[in-house]
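# Report on the structure
The residues making up each chain are set out below.
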Amino acid sequence: MQERVAGEDQKFHAGRSGPKLRVLLVEDEVIFARAVAKRLQQAGYDCEHAATLQAGRELVRQMAPDMILLDMRLPDGNGLDLLPELVAKGIAVISMTAYGEVADAVYAMKLGATDYLKKPVDLDELLLTIEKAQAATRLKHHLDYSRQRNMHATEGVELLGDSPAMSSVKAQIERFAQLVTFSDAIPPTVLIQGETGTGKDVAARLLHLSCANSDRPFVHVDCASLPAELIESELFGHEKGAFTSAQGSRCGLIEAAEDGTLFLDEIGELPLALQAKLLNVLERRMVRRLGSTKEHPVLARFVAATNRDLHQMVLEGRFRSDLFYRLNVLTMNMPPLRERGDDILLLAKHFAVQTERRYGLQPRPFSAGATSMIREYHWPGNVRELKHQVSRAVLLGRESQIMPHDLALPGSLQPKQAMTIPERGVTLESAEKALIENALRQSNNNVSEAARQLGITRMAMRYRMERHGIKV
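Just so you know, these numbers come straight off a predicted model, no measurement behind them. (Residues numbered from 1 in each chain as written. Predicted model: local features only at pLDDT ≥ 70, side-chain atom pairs only at ≥ 80, totals over all residues. Heavy atoms only, no water.)

### Side note on the packing of helix α2 (residues 53-63) against helix α3 (residues 79-88)
- At a minimum axis distance of 10 Å, the contact between α2 and α3 shows a crossing angle of 15 degrees. Between α2 and α3, the interaxial angle falls into the category roughly parallel. In this structure, α2 meets α3 at a crossing whose hand is right-handed. Of the residues in α3, those touching α2 at Leu53, Arg57 and Val60 are Gly79, Asp81, Leu82, Glu85 and Leu86.
- When grouped by side-chain class, the residues that make up the contact of α2 with α3 number 4 nonpolar, 1 polar and 3 charged. (Axes fitted to C-alpha atoms, helices over the stretch in contact; angles between N-to-C directions. Helix = DSSP H or I, 4+ residues; strand = E, 2+ residues; numbered from the N terminus. Parallel < 35°, antiparallel > 145°, perpendicular 65-115°, else oblique. Left-handed = near helix turned anticlockwise from the far one by under 90°. Contact = heavy atoms within 4.5 Å. Nonpolar A, V, L, I, M, F, W, Y, C, P; charged D, E, K, R; others polar.)

### Digging into the sheet that holds strand β11 (residues 218-222)
- The 5 strands lie next to each other as β11-β14-β17-β10-β18, forming an open sheet whose pairing is parallel. The open sheet terminates on both sides in strands that have one partner only, identified here as β11 and β18 (330-333). Geometrically, the sheet is characterised by an average inter-axis angle of 20 degrees between neighbouring strands, direction not taken into account.
- Pairing geometry for strand β14 (residues 261-265) and strand β17 (residues 301-306), over 4 bridges, is parallel. Its bridge partner lying in β17, Leu264 is registered against Ala304. (Pairing = 2+ DSSP bridges.)

### What to know about the nonpolar core
- Of all hydrophobic cores here, the largest spans 31 residues; its most connected members are Leu264, Ile267, Phe302 and Phe319.
- Taken together, the elements giving at least two residues each to this core come down to β11, α8 (231-236), β14, α10 (272-284), β17, α11 (310-315) and α12 (321-327).
- Sort the elements by how many residues they give to this core and α10 lands first, with 5 residues. (Core = buried A, V, L, I, M, F, W, Y, C linked by side-chain atoms within 4.5 Å. Buried < 20%, exposed > 50% of the residue type's maximum accessible area, 1.4 Å probe, protein only.)

### Things to note about the confidence of the model for the chain
- Scored by pLDDT, the chain has a mean of 81; 83% of the residues are at 70 or more.
- Below pLDDT 50 for its whole length, residues 151-155 participates in 4 contacts with residues either more than four positions away or in separate chains.
- Confidence over residues 412-424 falls short of pLDDT 50; this stretch has 13 contacts with residues more than four positions distant or in other chains. (pLDDT = per-residue confidence, 0-100.)

### Some words on the sheet that holds strand β4 (residues 46-50)
- If you trace the 5 strands from one edge of the open sheet to the other, you get β4-β3-β5-β8-β9, paired in parallel fashion. A strand with exactly one partner marks an edge of an open sheet, and here the two such strands are β4 and β9 (115-118). Recorded for the sheet is a direction-independent mean angle of 20 degrees between the axes of neighbouring strands.
- The pairing of strand β8 (residues 92-97) with β9 spans 4 bridges and is parallel. Counted as the bridge partner of Met96 is Leu117 from β9.

### Focus: the pattern of salt bridges
- Inspection of the entire model under this criterion finds 19 salt bridges.
- Put simply, Asp124 and Arg39 hold a salt bridge, and the shortest N to O gap is 2.4 Å. Separated by 85 residues along the polypeptide, Asp124 in helix α5 (residues 123-154) and Arg39 in helix α1 (residues 30-42) bring together distant segments of the chain.
- Judged by relative accessible area, Asp124 falls into the partly exposed class, the value being 43%.
- For Arg39, a relative accessible area of 26% gives the class partly exposed.
- Its salt-bridge partner being Arg340, residue Asp343 comes within 3.4 Å of it at the nearest N-O pair. Note on accessibility: Asp343 and Arg340 belong to one class, buried.
- Taken together, the shared-partner salt bridges connect Glu27, Glu29, Asp71 and Lys119 into one network. (Salt bridge = Lys/Arg side-chain N within 4 Å of Asp/Glu carboxyl O.)

Structure, rendered in structure tokens:
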């Protein structure tokens with residue numbers, strides 16, 4: 001252990017190779033501080049010590065600690081004076097106080113301290129408290145991220161259209177929201193059926209937003225995309241050592257839904273073995289991580305979706321009948337786009353305006369020919385296909401109106417001139433890359449400013465830059 005003196009405060013460094021948790025000890029008893037620093041060194045932490053509030057503030061600025069062990073009574077004031085600043089910076093704080101000053105520690109907890117210890121402090125207990133505080137901080141960051149991600153994912157979510165089919169869906173969502181709102185009873189499951197691209201995920205998000213506790217997480221699980229060897233761990237979580245690569249404990253996606261909504265998309269793709277485990281969770285509302293003997297209560301709404309005929313899959317032995325009956329309580333059918341009448345034109349105009357705003361393009365109307373093509377095409381890919389084709393037409397079109405050949409729809413409705421794009425070799429990918437490069441030039445390679453110009457988030461901008469190999 002190295003020791004160096006700066007003014008009135010002594011700083012102790014304890015460390016090991018690799019990343020270390022940075023701990024700042026604000027304590028005026030030097031002998032106790034030495035003992036703590038030595039023990040933290042043995043445990044692999046990086047520790048510095050300040051003997052006064054003033055020295056503590058300076059070290060907070062210099063070292064950006066992950067955690068602070070804060071004494072309540074110091075030569076130049078009370079640790080409570082420093083606590084609000086630390087909490088505002090998101091730093092975990094463990095307060096330490098003498099036996100007769102527990103009231104200060106309790107008040108510190110109200111101000112945001114993670115935990116507290118009474119002096120004399122047992123060093124083994126101190127290490128356990130630090131580990132608990134680390135776990136609590138990780139959980140808080142996870143929940144904060146989940147809520148931010150949930151707010152972003154549900155921002156602007158709506159089901160457009162006034163056709164009878166969509167009016168029925170909206171009425172069902174309102175009714176189901178009342179039935180699955182949390183109460184003393186277990187909320188019934190909801191099954192959303194429909195062809196690929198009809199907006200089943202949008203309906204699930206709207207159902208979540210319409211329920212109580214809509215500020216809680218919306219966890220979207222795509223059962224079709226989860227790797228077969230990881231799907232059980234992803235859903236149910238695992239404990240350290242549950243399998244070879246399990247280096248630590250991890251909660252699964254079911255637990256991550258907290259008291260929000262767990263959306264099981266493409267439920268028909270779930271392996272039979274996991275269907276039995278999921279059924280057990282739905283019936284008992286308890287989940288057990290891999291490698292654990294303990295069960296955790298499941299406080300979540302369950303919404304499932306599929307483009308498969310689950311009843312037929314049951315007859316073929318590819319889906320459990322008991323799980324099907326458990327899911328098939330409240331059922332909603334999303335209509336295909338071809339059955340939504342004038343909703344098709346409404347959606348096409350919406351996607352056109354959305355793309356124009358995102359890429360800073362001048363608004364252009366659909367020509368009469370394009371409008372007729374949109375009406376008459378059968379749209380096998382439903383809303384997802386419509387959005388892609390309209391976005392492509394907006395980005396690649398060169399005329400004052402969006403023309404039929406801009407839509408580039410396959411099949412007999414496709415005009416001959418659509419077989420040849422005005423500029424050979426121009427694709428949606430190359431057009432997007434050109435727009436991104438232009439926005440970066442105009443913003444002097446300021447990624448955030450370029451993202452604002454294009455109407456996308458900085459994260460989305462970074463993703464697109466990486467995909468196109470664009471570097472600044």
